[in-house]
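# Coordinates in review
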Amino acid sequence: MRGNDREATVRRLMEQAPRPVPPEIHTEAVRRGGRMLRRRALARRMLWLLLLTAAVAFTVWALTVRPWVEPPSETTPPLTGW
């Protein structure tokens, strides 16, 4: 098909009356769409819960280990008895 043929075909399709849709398709689409929305909401809640759990775990770890404090040096003995 050339460009003009395609355009003519598309115009002819657009000018036709839309075909009737069976009513059971609508109810099935609504049911599937509702299920999909519920699954997405559940997945979103689970991701937020995972993020919150990771943040709490990191905070507890950081407060117990305190990685920002420099550990004491173990290479030289302490100077005592001067």
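Please refer to the structure placed before this passage.
The notes below deal with the structure included here. (Residues numbered from 1 in each chain as written. Predicted model: local features only at pLDDT ≥ 70, side-chain atom pairs only at ≥ 80, totals over all residues. Heavy atoms only, no water.)

## Here we look at the environment of Gly34
Basically, it comes down to this: Labels follow the DSSP assignment, with helices taken as runs of H or I lasting at least four residues and strands as runs of E lasting at least two, numbered in each case from the N terminus. Exposed residues in this analysis have more than 50% of their type's maximum accessible area, buried residues have under 20%, and partly exposed residues fall in between, with area computed by a 1.4 Å probe over protein chains only.
Counting through the fold element by element, Gly34 comes out in helix α2 (residues 23–65). A residue is classified by how much of its surface remains accessible, and Gly34, at 22% relative accessible area, is partly exposed. In this structure the C-alpha to C-alpha distance between Gly34 and Glu7, which are 27 residues apart in sequence, comes to 37 Å.

## A few points about the packing of aromatic side chains
Selection criterion: Centre distance within 6.5 Å is the pairing criterion for rings of Phe, Tyr and Trp, where only the six-membered ring of Trp is used; planes under 30 degrees apart are then read as stacked, over 60 as edge-to-face, and the remainder as tilted.
Evaluation of the coordinates by the stated rule reveals one aromatic pair. Ring centres 5.8 Å apart and planes at 35° place the aromatic pair Phe58 and Trp61 in the tilted group. Here Phe58 pairs with Trp61, and both are found in helix α2, just three residues apart, close to one helical turn. Under the relative-accessibility criterion, Phe58 is labelled exposed at 54%. Residue class for Trp61 comes out partly exposed when judged on its relative accessible area of 42%.

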